[in-house]
Amino acid sequence: MAKQYEVVVIGSGPAGYVAAIRCAQLGLKTACIEKWLNKKNQTVYGGTCLNVGCIPSKALLDSSHKYLEAQQHLDVHGIKVTKVAMDVALMIARKDKIVGQLTQGIKGLFSANKVDGIGGTARIVAANKVLVTDAEGAEQELTADKIIIAAGSVPTDIPPTPVDGDTIVDSTGALEFQETPKRLGVIGAGIIGLELGSVWARLGSEVTVLEALDEFLPAVDRQLAKEALKMLTRQGLNIKLGARVTGSKLGKGARKTVAVEFTTADGEQKAQFDKLIVAVGRRPYTDALIDDAVGIELDDHGFIKVDDQCVTNIANIYAVGDVVRGPMLAHKGMEEGVMVAERLLDKKTQVNYALVPSVIYTHPEIAWVGKNEEELKAENVEYNVGSFPFAINGRALAANDSEGMVKLLADASTDRILGCHIIGPSAADLLQQLVIAMEFSASAEDIGLTMFSHPALSEAVHEAALAVNGHAIHIGNRRKRK
Ligand code: FAD
Ligand code: NAD
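Residues numbered from 1 in each chain as written. Chains lettered and ligands numbered in written order. Predicted model: local features only at pLDDT ≥ 70, side-chain atom pairs only at ≥ 80, totals over all residues. Heavy atoms only, no water.

Side note on helix H13 (residues 459–468)
Most of H13 is tucked away, with 10 of its 10 residues classed as buried. Buried within H13 we find Glu459, Ala460, Val461, His462, Glu463, Ala464, Ala465, Leu466, Ala467 and Val468. Of the residues one or two after H13, Gly470 is the one with positive phi, at around 80 degrees. (Buried < 20%, exposed > 50% of the residue type's maximum accessible area, 1.4 Å probe, protein only. Helix = DSSP H or I, 4+ residues; strand = E, 2+ residues; numbered from the N terminus.)

Describing helix H3 (residues 54–73)
Along H3, the residues that are buried comprise Pro56, Ser57, Ala59, Leu60, Leu61, Ser63, Ser64, Tyr67 and Leu68. The inward-facing, buried residues of H3 abut helix H2 (47–52), helix H4 (88–113) and helix H6 (191–202). (Contact = heavy atoms within 4.5 Å.)

A look at the packing of H3 against H4
In contact at an axis separation of 9 Å, H3 and H4 are set at 140 degrees when each is read in the N-to-C sense. The element H3 and its partner H4 pack so that their crossing is right-handed. Counting all contacts with H3, which are made through Ile55, Pro56, Ala59, Leu60, Asp62 and Ser63, the residues of H4 involved are Met91, Ile92, Arg94, Lys95, Ile98, Val99 and Leu102. Of the residues that constitute the contact of H3 with H4, the class distribution is 9 nonpolar, 1 polar and 3 charged. (Axes fitted to C-alpha atoms, helices over the stretch in contact; angles between N-to-C directions. Left-handed = near helix turned anticlockwise from the far one by under 90°. Nonpolar A, V, L, I, M, F, W, Y, C, P; charged D, E, K, R; others polar.)

Here we look at the sheet that holds strand E15 (residues 275–278)
Strand pairs in the sheet, formed through backbone hydrogen bonds, run parallel or antiparallel to each other. The strand order E8-E15-E9-E10-E11 describes an open sheet built from 5 strands, whose pairing is parallel. Every interior strand has two partners, whereas the edge strands, strand E8 (168–169) and strand E11 (237–240), have only one. Sheet topology places E8 next to E15; 2 bridges connect them, and they run parallel. Looking at E15, one finds that Ile168 is bridged to Leu276. Contacts from H6 reach strand E9 (183–187), strand E10 (206–210), E11 and E15 within the one sheet, and its direction differs from that of E11 by about 145 degrees. (Pairing = 2+ DSSP bridges.)

Let's talk about the site of ligand 1
By nearness alone, 38 residues border ligand 1, and Glu34, Thr48, Lys58, Ala122 and Asp322 come closest of all. Between ligand 1 and the protein, one listed contact pairs an oxygen atom with a backbone N or O atom of Pro14 at 3.3 Å. In this structure, Lys35 approaches ligand 1 through a main-chain N or O atom, which is 3.3 Å from a nitrogen atom. Protein contact buries 94% of the 1000 Å² of open area that ligand 1 shows by itself. Listed by contribution, the elements that provide at least two residues to the shell around ligand 1 are helix H1 (14–25), strand E2 (30–34), H2, H3, strand E4 (121–126) and helix H8 (330–344). Here the shell around ligand 1 takes 4 residues from H2, the largest share from any one element. (Near = heavy atom within 4 Å. Polar contact = N/O pair within 3.5 Å; in protein donor to acceptor, adjacent residues only side chain to side chain. Areas by Shrake-Rupley, 256 points an atom, 1.4 Å probe, with all protein chains shown as cover.)

Some details on the packing of H3 against H6
It is the contact of H3 with H6, at a shortest axis distance of 9 Å, that shows an interaxial angle of 35 degrees. Relative to H6, H3 is oriented so that their crossing is left-handed. Together, Ser57, Lys58, Leu60, Leu61, Ser64, His65, Tyr67 and Leu68 of H3 and Glu195, Leu196, Ser198, Val199 and Arg202 of H6 make up the contact between the two elements. Each residue belonging to the contact of H3 with H6 can be placed in one class, and the counts come to 6 nonpolar, 4 polar and 3 charged.

Some words on the nonpolar core
Of all hydrophobic cores here, the largest spans 39 residues; its most connected members are Leu194, Trp200, Phe216, Leu217, Ile239, Ile277 and Ile366. In this structure, Ile277 is in contact with Val169, Asp170, Ala174, Phe177, Leu184, Gly185, Val186, Ile187 and Leu196, ignoring residues within four places of it in sequence. Of all hydrophobic cores here, the second largest spans 31 residues; its members include Ile422, Ala427, Leu430 and Phe452. (Core = buried A, V, L, I, M, F, W, Y, C linked by side-chain atoms within 4.5 Å.)

Topic: the site of ligand 2
Residues in contact with ligand 2 amount to 19 residues; listed here are only the nearest, Ile192, Glu195, Glu211, Gly281 and Val359. In the environment of ligand 2, an oxygen atom lies 2.9 Å from a nitrogen or oxygen atom belonging to the backbone of Ile192. For the shell around ligand 2, the element with the most residues is H6, which contributes 3 residues. The class makeup of the residues in the shell around ligand 2 is 13 nonpolar, 3 polar and 3 charged.

Quick look at the pattern of salt bridges
Per the stated rule, a full pass over the model turns up 19 salt bridges. A salt bridge links Glu342 to Arg22, with the shortest nitrogen-to-oxygen separation between them at 2.7 Å. With Glu342 in helix H8 and Arg22 in helix H1, this residue pair connects regions lying 320 residues apart in the sequence. Given the relative accessible area of 13%, Glu342 is considered buried. For the salt bridge of Asp291 with Arg123, the shortest nitrogen-to-oxygen distance reads 2.9 Å. One end of the pair, Asp291, is in the loop between strand E16 (282–284) and strand E17 (317–319); the other, Arg123, is in strand E4, and 168 residues separate them in sequence. Here Arg123 falls in the partly exposed class, since its relative accessible area comes to 33%. (Salt bridge = Lys/Arg side-chain N within 4 Å of Asp/Glu carboxyl O.)

Everything listed here is a matter of coordinates, which is why it stays silent on function.
Following this line, the structure appears as structure tokens:
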């Protein structure tokens, strides 16, 4: 007989596991189905984020940053380091250990919250029926009052550079290199390309990034994107904009290289790489997930169609995270998971899609929330700009980490903060102060009147807020736009 649940969640990435835990906390009998298997063929929870996304990439970013610090930036502190060497295999093993610790943690959270974690591939066969097939091929049917789809996303392929998992890899393969490639090609100067390109450049790869668009980081405030391009180029990333990849050819032998053909404004070009990372975006993962008879609608890009509360066109089926519209970010999926769980019990929880923070974890980090200047201009909004450079922030100088700036945009008539854009040390954490402030509809003056600890990086946020209204104490810049 089919096992009965009030809620069945498909997928245990950040959107799915958070939804499942919140449902169970609210007293709903909940199962979460996950198909991901580790190398030992055991079910692992946590999805892309924990296994091959946010966490492992940050582990490598942190290791490679420490290596570069030890190699190049400790001497100014008077620390003499005579020999710095990198053991890439050990760095990868440390990353795997962190992944193991966190994915095991989800298992623990499921058991503490009484979520039934079920290993297997789920298929929705009717509006309240899910068929689960485990790794051995055994099937079981679950019935559910409500179904939450959180099946996530997978990397996009492009025909000229088919991934072979060895020389040509996607982001998952790029987290597994056992040695530093001498020449590394990256297709796509998006978030993954820049983060993983940075990791391997810090460890000594000659990195070439081929980006199809003429514009660098089009979603980022232009002033910050320009700064970022300069800084990353100084760090050794050779970023070629307007580069259209047309073909590739794998070499022969055990250690294959790859020849990549591309065109730029200068005409046809060729480059030879030891490894090539394809990082051209991700697509929603709905393969074999829903029987046609169920009638769930997808949009033109394959995302499951949902409304602002993540309800699909079938009233008892919801979808959250990367499999639906909006930015493909773990925290966005988590908040959607909480919203859906709480709305099942008639709470009025909402996600504020206007304030989803974004971060690129290069060094320095690039972080933003709300509107940028280009968007405000397009909307004909009058705004003031306050900015402050880390170059005159005491704490940043003390840490020898003073590149970048904080930039705040505020409505010219109400002073309400409309956007915050930071490139600099700990930008992600600094930005969060503004996300909270903006959730409370703060004005730049509110931030200006708040006391900030000294010395702290966050004083740059304080000074940028003071600069909006022309009274930064330590030379902030103010600009009015009418
Ligand atoms: P996923 O995490 O993709 O999880 C979906 C789960 O569903 C998977 O475990 C999958 O196996 C399972 N599943 C799918 N179909 C079925 C089925 N039929 N039956 C059973 N199970 C199924 N985002 C950030 O916010 N910050 C970052 O720093 C960040 N870094 C990233 C770095 C990299 C290299 C990558 C690739 C992504 C990164 N992301 C980051 C994006 C982030 O990982 C995703 O936005 C997030 O994981 C989406 O969560 P999700 O729960 O919607 O889907
Ligand atoms: P992306 O959309 O950020 O960047 C892809 C880039 O590839 C774009 O600049 C695009 O113009 C370029 N591109 C596309 N086709 C191309 C082609 N044929 N040749 C050359 N360039 C091409 O996607 P991504 O970097 O793959 O990341 C996928 C998702 O994962 C993103 O949506 C992101 O939100 C998420 N992610 C987030 C973080 C983070 O929050 N720090 C980190 C990694 C990934």
